[in-house]
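An overview of the molecular structure
Each chain, letter by letter, is given below.
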Amino acid sequence: MSFSSIQTSLKKCSIKKGDTLMIHGDAAIALMNGTDVNKELKKLFDNIISFLGKKGTLVVPAFSYSFTQGKNFSAERSPSEIGIFSEYFRKRKGVKRSNHPIFSVCSIGKNSKIFENSDTKTCFGKNTAFDILHRLSGKIVCLGCSFNRITFAHFVEEKLKVNYRFNKKFSGFITTAGKKKFIKTNFFVRDLKFKTDLSKLKKKLINKSLLKKADYGRFEIYTVNSKDLFNIASKMVENNPYILAKKINE
């Protein structure tokens, strides 16, 4: 199928030119059109960026959990640890990466500088990439991957201080543009007796017609405005503090 059809799918999900998108994606979606993953991902991202236009912004998570294991972080050299889709975008010309040593994001477009300069003091708190996405009314896209991949849900959990997560400090060195700096960051980590489960949130968003869906080949694309997700998830958590999680072995 033609990669230009991704633009048709995005339109069906109420995405428009000038939007700020955070995309969680799987490289398998690109391989519907060929076997050279880098070549096919280039075409895919070319079409998405072209669709968003000069006033749009594309954001892709590039998380690096090795900082929690005592390794230093380099915005230029540390690979994304969440898959080929993310790592390809990180290396793409013109893409800017934020300095967060655990939850960095890569971006291109009008608001990329804002995301690049997002705060490192916390993972999901004020002035982080997720807070910025919320303030910009950015949209979240699941491109051929599980709805549970939406990291923005942790922004809601930290905001409401859910009791199955707790604050844990991590420290180490980050390097940007050749400059080394010691930092500390607060990670609102999950109690390992629980796992993320956004199935009830997904159902609620669908029932309220806030979660848009389109097909792209054999894959599904889901899109939701970050403010809608925040508002609905917050109300759900207030009624049931464990609604975004599930006890393991239940």
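An account of the accompanying structure is given in this report. (Residues numbered from 1 in each chain as written. Predicted model: local features only at pLDDT ≥ 70, side-chain atom pairs only at ≥ 80, totals over all residues. Heavy atoms only, no water.)

Notes on the nonpolar core
A general tendency of soluble globular proteins is for nonpolar side chains to be buried together. What counts, and what does not: Throughout, nonpolar core names a set of buried Ala, Val, Leu, Ile, Met, Phe, Trp, Tyr and Cys residues whose side chains join them through atoms within 4.5 Å. For each residue, the accessible area found with a 1.4 Å probe, counting protein chains only, is set against the maximum for its type, and the residue is called buried under 20%, exposed over 50%, and partly exposed in between. Note on conventions: DSSP H or I runs of at least 4 residues are helices, E runs of at least 2 residues are strands, and numbering of each starts at the N terminus. Note on contacts: a residue pair qualifies if any of its non-hydrogen atoms lie within 4.5 Å across the two residues.
Ranked by internal contacts, the top residues of the largest apolar core, which has 49 residues, are Phe152, Leu201 and Leu229. Within the residue set of this core, elements represented by two or more residues are helix H5 (129-135), strand S6 (139-143), helix H6 (152-160), strand S7 (165-176), strand S8 (179-190), helix H7 (199-207), strand S11 (219-225) and helix H8 (226-239). No other element matches H8, which puts six residues into this core. With residues up to four places along the chain from it excluded, the contact list for Leu201 reads Phe147, Leu229, Ile232, Ala233, Met236 and Leu244.

A word on unusual backbone geometry
Its identity is not glycine, yet Asn127 carries a phi of approximately 65°, on the positive side. Looking at the element boundaries, Asn127 is found in the loop between helix H4 (112-116) and H5. If you check the backbone angles, Ser137 has positive phi at about 55° while not being a glycine. Along the polypeptide, Ser137 turns up in the loop between H5 and S6.

Brief notes about the sheet that holds S11
The strands that make up a sheet are held in pairs by hydrogen bonds between backbone atoms, and each pair lies either parallel or antiparallel. Defined as follows: Two strands qualify as a pair provided DSSP detects at least 2 bridges between them. Each axis is a line fitted through C-alpha atoms, and for a helix only the stretch in contact is used; angles between axes span 0 to 180 degrees, taken between their N-to-C directions.
As summarised here, the arrangement of the seven strands in space is S4-S5-S2-S1-S6-S11-S10, forming an open sheet in which the pairing is mixed. Of all the strands in the sheet, the pair left with one neighbour each is strand S4 (96-97) and strand S10 (212-216). Along the sheet face, helix H2 (residues 37-52) touches strand S1 (20-25), strand S2 (57-61), strand S5 (105-109), S6 and S10 and points at about 140° away from the line of S2. Where helix H3 (residues 84-91) meets the sheet, it contacts S1, S2, S4, S5 and S6, and its direction lies at approximately 130° from that of S2.

As for the environment of Ser226
Here Ser226 lies in helix H8. Sequence-wise, Ser226 and Asn99 are 127 residues apart; in three dimensions their C-alpha atoms are separated by 22 Å. In contact with Ser226, other than residues within four places in its own chain, are Leu133, His134, Ser137, Gly138, Lys139, Ile140 and Phe152.

Describing the layout of surface pockets
If you roll a probe as big as a water molecule over the atoms, it shows you where there is empty space left. Applicable threshold: Note on definitions: the grid is 1 Å and covers protein atoms alone; a cavity is a set of points where a 1.4 Å probe fits but cannot get out; a pocket is an open set with protein on both sides within 12 Å along at least five of seven lines; lining residues have an atom within 4 Å of a point. Grid points are joined across faces, edges and corners, and a volume is the space filled by probe spheres set on the points.
In this structure, the largest pocket occupies an estimated 520 Å³ of space. Lining of the largest pocket is provided by 26 residues; of these, Tyr65, Phe103, His154, Phe187 and Arg190 occupy positions nearest its centre. Among the secondary structure elements, those contributing two or more residues to the lining of the largest pocket are S1, S2, H3, S7 and S8. Looking at the lining of the largest pocket, the element that brings in the most residues is S7, giving four residues.

A word on the sheet that holds S8
The strand order S3-S7-S8 describes an open sheet built from three strands, whose pairing is mixed. Across the chains shown, the open sheet's two edge strands, defined by having one partner strand only, are strand S3 (73-74) and S8. As judged from the 12 bridges shared by S7 and S8, these two strands associate in the antiparallel manner. Within S8, the residue paired with Gly172 across the bridge is Ile183.

Quick notes on the packing of aromatic side chains
The description of an aromatic ring pair rests on the distance of the ring centres and on the angle between the ring planes. Rules: Classification of ring pairs uses Phe, Tyr and Trp, with its six-membered ring standing for Trp, and accepts pairs whose centres are within 6.5 Å; under 30 degrees between planes counts as stacked, over 60 as edge-to-face, and the remaining range as tilted. In this scheme, Lys NZ or Arg CZ marks a charge over a ring once it lies within 6 Å of the ring centre and within 35 degrees of the ring normal.
Summed over the entire model, instances satisfying the criterion amount to 17 aromatic pairs. An angle of 70° between the planes, with centres 5.9 Å apart, marks the rings of Phe124 and Phe187 as edge-to-face. Highlighted residues: Phe124 in the loop between H4 and H5 and Phe187 in strand S8, separated in sequence by 63 residues. Take Phe124 and Phe187: they sit in the same class, and that class is buried. Ring pairs connect the aromatic residues Phe63, Tyr65, Phe103, Phe124, Phe130, Phe170 and Phe187, which therefore count as one cluster. Just above the ring of Phe188 sits the side chain of Lys161; from NZ or CZ to the centre is 5.4 Å.

Spatial relationships are all this shows, so hold off on functional conclusions.
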